[in-house]
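One letter stands for each residue in the lines below.
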Amino acid sequence: MTDRAGPPGISFQDLLDEDLREQSGRPGLALCQAWQGLGLADIRGDSVERLLEIGIEDAALEVRFLLQHVLQPDSLNLALHDPALVSWQRVAHFADLLTARLNRKPLSQILGSQPFWTLDLAVTPDVLTPRADTEALVEAVLARLGDEEAQILDLGTGSGAILLALLNERPALRGLGVDLSSAALAVAGQNAARTGLSERADFIEGRWGAALESGRFDILVSNPPYITREVLAGLEPEVRDHEPTIALDGGSDGLEAYRDIIADIPRLLVPGGLFALEIGYDQASSVRALTAAAGLVDIEVICDLGGNDRVVLGHNPR
Ligand SMILES: C[S@@+](CC[C@H](N)C(=O)[O-])C[C@H]1O[C@@H](n2cnc3c(N)ncnc32)[C@H](O)[C@@H]1O
């Protein structure tokens with residue numbers, strides 16, 4: 001297939017059979033066939049309907065993001081007004097991406113990135129897509145931090161989201177991200193480079209705080225896996241089938257990771273050091289009790305923007 005835009009006045013959607021034959025094997029072939037003879041505006045409308053049919057509420061917004069992703073650097077509006085600007089390769093690419101979305105692949109994994117706090121982070125199937133809920137933890141920690149030098153530890157760093165968001169806000173912070181998944185750590189390293197924070201962020205593979213020296217950190221943050229196995233099975237396919245189980249599975253009661261992490265907090269933090277743990281909406285009392293039993297003090301529970309309990313934080317005794 002040539003990179004052929006139709007001449008002005010003739011829709012680029014005049015897809016020839018020979019063009020379609022060249023696309024055999026592409027995931028989006030069936031959509032290309034369905035769209036033969038349609039203009040870009042109609043393709044957009046059909047795409048929105050298909051996503052709505054499978055229950056994706058933000059269908060119009062998602063189609064806009066996918067089209068913008070494919071049409072870069074051309075603007076979507078320009079392309080809608082002048083279809084001659086868009087080649088069939090672009091439409092076929094869009095058909096591939098929409099097919100992935102219809103198969104419930106998360107939008108973030110299709111686009112390859114996700115905004116988090118002030119950053120735009122790379123996302124792959126090896127990491128949890130950073131969530132808006134987690135920004136409540138970033139905000140709570142920043143509210144308690146000055147501009148002084150400090151060492152921060154992020155246990156279960158995944159994409160590096162929490163660590164990098166904090167480092168980006170406070171130039172005197174340095175940090176270490178730990179994860180059991182080497183594939184996730186590769187993404188975290190990529191994100192540190194992408195955000196210009198590599199010089200202040202290190203990453204190591206390991207099991208929570210097990211291999212780390214005592215009393216080394218001023219701040220400890222973690223968003224551990226906290227979904228019970230029972231709930232996990234009933235989650236939407238985007239999460240259940242496409243996000244890494246290691247990032248979600250909190251064991252039979254959702255608290256397994258907290259038990260391991262909290263047992264190590266008094267040892268890892270300096271006296272008076274700050275810890276902040278993301279929690280599930282119904283875990284505040286259990287996690288608060290675990291932190292109190294470990295001898296941690298000044299314990300608070302912070303809500304997210306939806307009003308759900310989302311963060312348990314406190315200090316190591318002085
Ligand atoms: C819920 S995700 C959080 C990712 C990221 N911090 C965020 O907030 O978006 C939990 C992370 O913990 C990691 N993890 C799971 N078990 C671990 C363990 N035993 N030791 C270290 N990391 C672990 C997973 O690989 C995953 O990246």
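All values reported here derive from a predicted model rather than from experimental measurement.

**Looking at the overall build of the chain**
So, point 1. Secondary structure summary: the chain contains 14 helices and nine strands in total.
So, point 2. Projected onto its principal axes, the C-alpha coordinates of the chain cover approximately 75 × 40 × 30 Å.
So, point 3. For the chain, the residues scored as buried account for 38% of the 318 residues in total.
So, point 4. When contacts within the chain are restricted to residue pairs at least 6 apart in sequence, long-range pairs at least 24 apart make up 66% of them.

**Remarks on helix α8 (residues 135-143)**
So, point 1. All buried positions along α8 are accounted for by A136, L137, V138, A140 and V141.
So, point 2. As for α8, its buried residues are in contact with α9 (161-169), β6 (217-222), β7 (269-278), β8 (297-303) and β9 (309-315).

**What to know about the domain arrangement of the chain**
So, point 1. Per the domain assignment, the segments making up the chain are domain 1 (17-103) and domain 2 (112-315).
So, point 2. Put simply, the middle of domain 1 and the middle of domain 2, counted by C-alpha atoms, are 37 Å apart.

**With respect to the nonpolar core**
What tends to happen in soluble globular proteins is that the nonpolar side chains get buried as a cluster.
So, point 1. Core analysis: the largest hydrophobic core is formed by 58 residues, its most contacted members being L220 and A276.
So, point 2. Sorting elements by how many residues they give to this core places α9 first, with seven residues.
So, point 3. When residues no more than four places from it in sequence are discounted, the contact partners of A276 are L137, A140, V141, V221, V311 and L313.

**Side note on the packing of helix α4 (residues 59-71) against helix α6 (residues 88-102)**
So, point 1. Between α4 and α6, whose axes approach to 9 Å, the crossing angle comes to 140°. The angle between α4 and α6 places the two elements in the oblique class. For the pair α4 and α6, the sense of crossing is right-handed. For the pair α4 and α6, the contacting residues are E62, L66, L67, V70 and L71 in the first and R90, H93, F94, L97, L98 and R101 in the second.
So, point 2. Looking at the contact of α4 with α6 residue by residue, the class counts come to seven nonpolar, one polar and three charged.

**Topic: the site of the ligand**
So, point 1. Neighbouring the ligand are 21 residues, the closest being G156, G158, L180, N223 and A247.
So, point 2. Of all the secondary structure elements, the ones that give two or more residues to the shell around the ligand are α9 and β4 (173-179).
So, point 3. Of the residues assigned to the shell around the ligand, the class counts are twelve nonpolar, seven polar and two charged.

**Quick word on the environment of D154**
So, point 1. Position of D154 relative to the elements: it lies in strand β3 (residues 150-155).
So, point 2. The buried category is assigned to D154, around which 27 C-beta atoms lie within 10 Å.
So, point 3. Each C-alpha atom, one on D154 and one on Q190, is 16 Å from the other, the two residues being 36 residues apart in sequence.
So, point 4. Filtering out sequence-adjacent residues up to four positions away, D154 remains in contact with I162, L163, G175, G177, V221 and S222.

**Here we look at the packing of helix α13 (residues 256-268) against helix α14 (residues 284-293)**
For any two helices packed against each other, one specifies the inter-axial angle together with the distance between the axes.
So, point 1. The interhelical angle for the contact between α13 and α14, taken along N-to-C directions, is 25°, at an axis separation of 9 Å. Relative to α14, α13 is oriented roughly parallel. Every pair of crossing elements has a handedness; the one defined by α13 and α14 is right-handed. The residues of α14 that touch α13, namely those facing Y258, R259 and I262, are V287, L290 and T291.

Criteria and cut-off values
Residues numbered from 1 in each chain as written. Predicted model: local features only at pLDDT ≥ 70, side-chain atom pairs only at ≥ 80, totals over all residues. Helix = DSSP H or I, 4+ residues; strand = E, 2+ residues; numbered from the N terminus. Buried ≥ 20, exposed ≤ 12 C-beta atoms within 10 Å, placed from the backbone. Contact = placed C-beta atoms within 7 Å. Domains from an automatic or database assignment. Core = buried A, V, L, I, M, F, W, Y, C linked by C-beta atoms within 7 Å. Axes fitted to C-alpha atoms, helices over the stretch in contact; angles between N-to-C directions. Parallel < 35°, antiparallel > 145°, perpendicular 65-115°, else oblique. Left-handed = near helix turned anticlockwise from the far one by under 90°. Nonpolar A, V, L, I, M, F, W, Y, C, P; charged D, E, K, R; others polar. Near = placed C-beta within 6 Å.

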